[in-house]
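# What the coordinates show
The residues making up each chain are set out below.
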Amino acid sequence: MTISFTGSAGALAFAALFASTGATAALAQEDIGIVVYNAQHESLGVAWAEAFTKETGIKVTLRKGSDMEFANQIVQEGAASPADVFLTENSPAMSLVDGAGLFEPVAADTLAQVPENFRPSNGHWIGVAARSTVFAYDKTKLTEDKLPKSMLDLADPSWKGRWAASPSGADFQAIVSALLSLKGEEATASWLTSMKENFTAYKGNSTAMKAVNAGEIEGAVIYHYYYFGDQAKTGENSKNVALHFFKNEDPGAFVSISGGGVLASSQHKENAQKFLAWLTGKGGQGILRDGTSFEYAVGNGEASNKALPALSDLQYPKVDPATLNSAKVTDLMTAAGLL
Ligand SMILES: [Fe+2]
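Each value, and the rule that gives it
- Residues numbered from 1 in each chain as written.
- Predicted model: local features only at pLDDT ≥ 70, side-chain atom pairs only at ≥ 80, totals over all residues.
- Heavy atoms only, no water.
- Axes fitted to C-alpha atoms, helices over the stretch in contact; angles between N-to-C directions.
- Helix = DSSP H or I, 4+ residues; strand = E, 2+ residues; numbered from the N terminus.
- Parallel < 35°, antiparallel > 145°, perpendicular 65-115°, else oblique.
- Left-handed = near helix turned anticlockwise from the far one by under 90°.
- Contact = heavy atoms within 4.5 Å.
- Nonpolar A, V, L, I, M, F, W, Y, C, P; charged D, E, K, R; others polar.
- Buried < 20%, exposed > 50% of the residue type's maximum accessible area, 1.4 Å probe, protein only.
- Donors = N, O, S within 2.8 Å, 3.2 Å for Na, K, Ca; no water.
- Domains from an automatic or database assignment.
- Buried area = accessible area lost by both parts, 1.4 Å probe.
- Salt bridge = Lys/Arg side-chain N within 4 Å of Asp/Glu carboxyl O.
- Polar contact = N/O pair within 3.5 Å; in protein donor to acceptor, adjacent residues only side chain to side chain.

Turning our attention to the packing of helix α7 (residues 185-198) against helix α12 (residues 326-335). In a packed pair of helices, the relevant descriptors are the angle between the two axes and the axis-to-axis distance. Running from amino to carboxyl end, α7 crosses α12 at an angle of 40°, the nearest separation of the two axes being 9 Å. Put simply, α7 runs oblique to α12. Handedness of the α7/α12 crossing: right-handed. Of α12, the residues touching α7 (which contributes E185, T188, A189 and L192) are K328, L332 and M333. Residues belonging to the contact of α7 with α12 are distributed by class as follows: 4 nonpolar, 1 polar and 2 charged.

Pasting the structure below:
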């Protein structure tokens, strides 16, 4: 089998040609390819699409964008959307599309591949990967006894000027949506107001981690995989960094679910459902275990990358991803002067 790979920054196409099955089959497969709006990290989206095409012969065209860009675009496009599948980094963008009634329910066999805590209760989309919130800190400056016990402690004046985050990104906004779901609007608004006083904004989690590593700031609220990804390469942007997992069902121990869903308007629902089944099964989850994304596997009985601490040890809070509200988060963060 040959995989031909064509594309630009905005669109990547994979076509599988089967030497053994002949040109007719190859042409038929090309006709029923799927378009995926991929807001997951591009490298993970490409790895998934490439392996799926290789295994099934179904062509995947990936479009590149961010969680909220695509969610709003899908709502705008409505029934005319060219997208068959939407993949996100975090849950709030999935909730937005679901709230507009634009998802086709996920096939029951696919839902059964993922435990209930890694998918919304209504079954309109499904978790495909998970990521843990962490406090990435400068281990040359902070010892364990000096770390915040809760993410909420970072609102204390003693943390003024000492921590960082990337408030414009979907990752941090998902953490705020979890805080909102767990502690309510008043507590969230108050924490965000103190955050504005205390924190330094960086654009992107990698940049925030680099700043910690360079001694610019003592710690940053980011996701775990930025550290493990860097360690697996040269480690040059994380050599002075250690990760603190808040645990104890703290809002700062939030585990965010990356979502996958089939659009109700899809003209290729069968192949779109096959892709979700594959992502949450051995194929897609195996790429999380063996690849370089360092995101957690969520499929039943599927192992995560062995460099990672066990997800079951992280004592993360229970949050139904269907309840995560992006509009309210944007309002509260704007009111606090963070956006
Ligand atoms: Fe990310």
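Now that the structure is up, let's keep going.
Glancing now at the packing of helix α2 (residues 42-56) against helix α11 (residues 282-290). Remark: α2 packs on α11, axes separated minimally by 10 Å, with the N-to-C direction vectors making an angle of 140°. Classified by the interaxial angle, the pair formed by α2 and α11 is oblique. Once α2 is placed against α11, the crossing between them reads as right-handed. Residues L44, A47, W48 and A51 of α2 touch α11, and the partners they reach there are G284, I287 and L288.

Right, let's get into unusual backbone geometry. A positive phi angle is found at E249, which is not glycine, with a value near 55°. Here E249 lies in the loop between β11 (241-244) and β12 (255-263). Judged by relative accessible area, which is 47%, E249 ranks as partly exposed. Positive phi values are uncommon outside glycine, yet F294 reaches one of about 60°. Turning to its location among the elements, F294 is positioned in the loop between α11 and α12.

Surrounding the iron ion are the protein donor atoms H41 (NE2), E89 (OE), D171 (OD), Y225 (OH) and Y226 (OH), which sit 2.0 to 2.5 Å from the metal. Along the chain, the residues donating to the iron ion fall in the pattern H-x47-E-x81-D-x53-Y-Y. With H41 in the loop between β3 (34-38) and α2 and E89 in the loop between β5 (85-87) and α4 (92-99), this residue pair connects regions lying 48 residues apart in the sequence. Judged by relative accessible area, H41 falls into the partly exposed class, the value being 24%.

Another point: the domain arrangement of the protein chain. In terms of domain boundaries, the protein chain breaks down into domain 1 (2-130 + 255-309) and domain 2 (131-254 + 325-335). Computed from C-alpha coordinates alone, the two centres of domain 1 and domain 2 are separated by 28 Å. On the domain 2 side, the residues contacting the 19 residues of domain 1 number 17 residues. Contact between domain 1 and domain 2 buries roughly 1,400 Å² in total, counting both sides, with carbon and sulfur atoms accounting for 62%. In this assembly, domain 1 and domain 2 are joined by 2 salt bridges. R131 is the partner of E295 in a salt bridge, and the nearest nitrogen-oxygen pair spans 2.8 Å.

Attention now goes to the environment of D156. Looking at the secondary structure, you find D156 in the loop between β7 (126-138) and β8 (163-165). Using a relative accessible area of 38% as the deciding quantity, one classes D156 as partly exposed. Residues D156 and F228, spaced 72 residues apart in sequence, show a C-alpha to C-alpha distance of 29 Å. A polar atom in the side chain of D156 sits 2.6 Å from the side chain of S158.

It is worth spelling out the pattern of salt bridges at this point. For the structure shown, the criterion picks out 12 salt bridges. Residues E89 and R131 are paired through a salt bridge, measuring 2.8 Å at the closest nitrogen-oxygen approach. With a gap of 42 residues between them, E89 in the loop between β5 and α4 and R131 in strand β7 connect regions that are remote in the sequence. Across the pair, exposure class does not vary: E89 and R131 are buried alike. Across the pair D290 and R289 runs a salt bridge whose closest N-O atoms are separated by 2.9 Å. Taking the relative accessible area as the measure of exposure, D290 reaches 57% and is therefore exposed. When salt bridges that share partners are traced, they join E89, R131, D171 and E295 into one network.

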